[in-house]
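Reading the structure
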Amino acid sequence: MRFTIFQESRVGKRRTNQDRVAYSYTRDALLLVLADGMGGHLYGEVAAQISVQFIAQSFQQEARPKVSDPVLFLSRVLSNAHHAILDYAFDKQLSDVPRTTIVACLVQEGVAHWAHAGDSRLYMIRKGKLAAQTRDHSRVQLMLDQGLLDAEAAAVHPGRNRIFSCLGGNHPPQIEFSRGVSLINGDVLAICSDGVWGPLDADTIVGTLADGRVMDAVPKLMNEAETLGGPQCDNMTLIAMTWHDDQQEDIPDTVSTRTMPADAYTTQMEGFGRSKRDQEDLSEDEIERAIREINAAIHKFK
Amino acid sequence: MATQQNCALPPGFLLDHYRVERQLSLGGFSIVYLAYDQDGTPVAIKEYLPNSLALRAEGEVTPHVTEAHQGAFRYGMKCFFEEGRALAKLVHPNVVRVLNFFRANGTVYMVMQFERGRTLHDYVQKNKGNVRERFIRGVFTRMLNGLREVHAHKLLHLDIKPSNIYLRADGTPVLLDFGAARQTLLSDTPILKPMYTPGFASPEQFNSRDALGPWSDIYSVGASMYACLAGSSPQRSDERVKHDTVVPATKAWAGQYSPHFLATIDWCLQLDPLKRPQSCFALQKVLAQRHREAPPQQKTWLEGLGSRLKTMIGRT
């Protein structure tokens, strides 16, 4: 496998970053996963963290060096992540179950499968054109499908953030699976939270990612989304991967897994403590967390 | 740079569920109060309040932190948390116990067990020139039990001095003030300089902070023992490196204390970290020997066996 990958997450103008993103790969398989914890509900970022961490860990355990059945794998890990969130809420006796959107994409043997719940999106770009896109599990999308709204009205609809499927929450998630797509040289897969696709139109996203230079395209899109997001700017997270032929000459910054041992894996996770504000000083959440931690340690040894 | 002193919270102030009795001490980094909890149990509460970054004027409660200092103030808070984390894990009779940690008034507070007694510093000042060897050996051997526990948790105290060693009424020592612990993290922040007491800090604390280790705390232990005899700390180690004027304990108090004890102090005060005892245990072993003569010759294994048998018989 040979690919170029880049991920970035920014807190925007919010107090905390409730987005989580990670990728993980072995010699023969690559996993991308993104979760957008839902604000307005308790512990959205916890739900997102649990999901991303759980799915990435499952991948590391099962992809030796690939998983036996990609669709079954995605189905199982997403519903297990959902239950892990429910367990967490139960353990902590939370009055409401935390919720998060999810998109997970697995590439092995040159075929990509993805699954999602909620309104975080996956775009697949081939030869500069949008080849596939997830359908948001939102009421606005349903109204669009039924012809009750047009794209322009949908972009400003007051209920555009309402989603009917997610991990966590009180209802089992409705997970949507893609068919398997054979990747060809130059294909781009991009996954993002609504903080990125909200302010930008699809043409900008597709156009910027079209040439496959994700190292430049991702920060560029993030900058644009942040500018357009203005003072209310949501958390923004974008991960993009360009697929290359194994036979291709070395391209700078690409990852080649050909020389990896069969049981090794590499994981990059972004989220905790990586937003720009957190790097310099402590966020409110971190202070609260530190105090909780210290008190837990004190009482543990009492 | 001269900085103004912060005002302490007034007596009677209700802090979380503790009532402030009075201020115990005021440092550059914090204020310590004596307070009582709901059950009337006395506690020591340490308030994070760095002089150079936060200012509490007379009659105010929430300290004022300027926008420019916010970052550094929060960063210092991180170090305060480190101290809390360090102490929360330590449960040892010779290490001060943390009871609670909370947030109020725009800053953070650490509640510690209040220990009755006095500091070793006070004791030495009162009994100047008349501190017995047996006493010093006893205090430091037990204090080193606590320090061993600190080192076992991969922490360094880095501010050991007589005023941070507390003597309970029964004479057992308690190690206080872990404000300097882990301050290695701070070495490259100009605003919050590591705070240590010059005369007790090891030379590596001044110049090569990556060379810090248990031996650095050992130097401070040596300097503290030296201060028990001299009544004041030895010359600052950064000046000793340039021009050493410290009279070795073996010379200064020859005849008054056992040569073995004086040699131990000088051993700890070596400028070269490698020439000092390398662990608390090594130092403890030496301090625990209470004899005035030179150590006995190495016994043959048969004699050793004989004496060991004797002790076994003696026990039964």
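This is a predicted model, so every value here is computed, not measured. (Residues numbered from 1 in each chain as written. Chains lettered and ligands numbered in written order. Predicted model: local features only at pLDDT ≥ 70, side-chain atom pairs only at ≥ 80, totals over all residues.)

1. Some words on the overall build of chain A
Put simply, the rule is: A run of H or I in DSSP counts as a helix once it spans at least four residues, and a run of E counts as a strand once it spans at least two, with each numbered from the N terminus. Any residue whose C-beta has 12 or fewer other C-beta atoms within 10 Å is treated as exposed, any with 20 or more as buried, and any in between as partly exposed, C-beta atoms being built from the backbone. The contact criterion used is a C-beta to C-beta distance within 7 Å, with each C-beta placed from the backbone.
Within chain A one finds nine helices and 14 strands. In chain A, buried positions account for 45% of the 302 residues. Sequence-distant contacts, at least 24 apart, represent 75% of the contacts inside chain A between residues at least 6 apart.

2. Examining the overall build of chain B
Counting its secondary structure elements, chain B contains ten helices and eleven strands. Across the 316 residues in chain B, those meeting the buried criterion constitute 39%. Of all intrachain contacts in chain B linking residues separated by at least 6 positions in sequence, the fraction that spans at least 24 positions is 59%.

3. Looking at the sheet that holds strand 3 (residues 30-36) of chain B
All names here are of chain B. To be explicit about the condition: At least two bridges found by DSSP between two strands are what make those strands a pair. Axis definition: a line fitted to C-alpha atoms, over the contacting stretch in the case of helices. Angles run 0 to 180 degrees between N-to-C directions.
A sheet is described by the order of its strands in space; here six strands give the open sequence 1-2-3-4-8-7, paired in antiparallel fashion. Looking at strand neighbours, the two that pair on one side only are strand 1 (14-15) and strand 7 (98-104), the edges of this open sheet. Note: strand 4 (residues 42-48) against strand 8 (residues 107-113), five bridges, orientation antiparallel. Bridge pairing in strand 8 places Lys46 opposite Met110. Sheet strands touched by helix 1 (residues 70-89): strand 4, strand 7 and strand 8. Its angle to strand 7, the strand with the most contacts, is close to 155°.

4. Section: the confidence of the model for chain B
Residue and element names in this part refer to chain B. Note the cut-off: A score from 0 to 100, pLDDT tells how confident the predictor is in each residue.
Scored by pLDDT, chain B has a mean of 82; 83% of the residues are at 70 or more. Taken element by element, chain B is modelled with least confidence in helix 10 (residues 301-315), mean pLDDT 51, and with most confidence in helix 8 (residues 259-268), mean pLDDT 95. In this model, residues 182-194 is a region of pLDDT below 50 whose contacts with residues beyond four sequence positions or in other chains number 22 contacts. Here residues 293-299 is a poorly scored stretch, pLDDT under 50, and it has one contact once near neighbours within four places are set aside; other chains count. Here the predicted complex scores 0.50 on pTM and 0.71 on ipTM.

5. Considering helix 3 (residues 133-152) of chain B
All names here are of chain B. Condition: A helix's residues, less one, multiplied by 1.5 Å, set its expected span.
Between the first and last C-alpha of helix 3 there are 28 Å, a value that for 20 residues agrees with the 28 Å anticipated at 1.5 Å per step. Tucked inside the fold, the buried residues of helix 3 contact helix 2 (120-126), strand 10 (165-168), strand 11 (173-175), helix 5 (214-230), helix 8 and helix 9 (280-288). Immediately downstream of helix 3, the backbone of Lys154 shows phi near 60°, a positive value.

6. Observations regarding the interface of chain B and chain A
Interfaces are often described in size by the accessible area the parts lose on coming together. Quick note on the threshold: Classification convention: Asp, Glu, Lys, Arg as charged; Ala, Val, Leu, Ile, Met, Phe, Trp, Tyr, Cys, Pro as nonpolar; all other residues, Gly among them, as polar.
Listed per partner, the contact involves 18 residues of chain B and eleven residues of chain A. Elements with a minimum of two residues in the side of chain B that touches chain A: helix 1 and strand 7 of chain B. Among the elements that line the side of chain B that touches chain A, the one with the most residues is helix 1 of chain B, at eleven residues. Across the side of chain B that touches chain A, the residue classes break down as nine nonpolar, four polar and five charged.

7. Regarding unusual backbone geometry
Cis geometry marks the peptide bond from A:Arg64 to A:Pro65; its omega dihedral reads -10°. Structurally, A:Pro65 can be placed in the loop between helix 1 (44-62) and helix 2 (70-91). Its identity as a non-glycine residue notwithstanding, A:Glu109 has a phi of 50°, on the positive side. Considering the arrangement of structural elements, one finds A:Glu109 in the loop between strand 4 (99-108) and strand 5 (111-117). The exposure class of A:Glu109 is exposed, given the 12 C-beta atoms found within 10 Å. Its identity as a non-glycine residue notwithstanding, B:Leu158 has a phi of 65°, on the positive side.

8. Let's talk about helix 8 of chain B
Residues spaced three or four apart along an α-helix point in a common direction, a consequence of the helix completing one turn every 3.6 residues. All names here are of chain B. Under the convention used in this document: This arc corresponds to the set of directions leading from the helix axis out to the C-beta atoms.
Of all the positions in helix 8, only Phe261, Leu262, Thr264, Ile265 and Cys268 are classed as buried. The buried residues of helix 8 occupy an angular sector of 155° when the element is viewed end-on, so they sit on one face. Looking at the buried side of helix 8, the elements it contacts are helix 3, helix 5, helix 7 (249-252) and helix 9.

9. Some words on the pairing of strand 2 (residues 19-25) of chain A
Residues and elements named next belong to chain A. Most of strand 2 sits inside the fold, with seven of its seven residues counted as buried. Taking every second residue as pointing to the same face, both faces of strand 2 are buried, with Asp19, Val21, Tyr23 and Tyr25 on one and Arg20, Ala22 and Ser24 on the other. Note: strand 2 against strand 3 (residues 29-37), seven bridges, orientation antiparallel. Directly across from Ser24, in strand 3, lies its bridge partner Leu31. With antiparallel pairing between neighbouring strands as the criterion, strand 2 and strand 3 make up a hairpin whose turn holds three residues.

10. Concerning the environment of A:Leu167
All names here are of chain A. Following the sequence through the fold, Leu167 ends up in strand 8 (residues 167-168). Taking the C-beta count within 10 Å as the criterion, Leu167 has 33 such neighbours and is therefore assigned buried. In this structure the C-alpha to C-alpha distance between Leu167 and Ala35, which are 132 residues apart in sequence, comes to 9.3 Å. Contacts of Leu167, omitting those with residues within four sequence positions, involve Ala47, Ser51, Leu78, Ala81, His82, Ile85, Arg99, Thr100, Ile102, Ala117 and Pro173.

11. Describing the environment of A:Cys233
Residues and elements named next belong to chain A. Mapping Cys233 onto the fold places it in the loop between helix 7 (214-229) and strand 12 (236-244). Sequence separation between Cys233 and Val11 is 222 residues, and the spatial gap between their C-alpha atoms is 8.5 Å. If we ignore the near neighbours within four places in the chain, the residues touching Cys233 are Gly12, Lys13 and Glu226.

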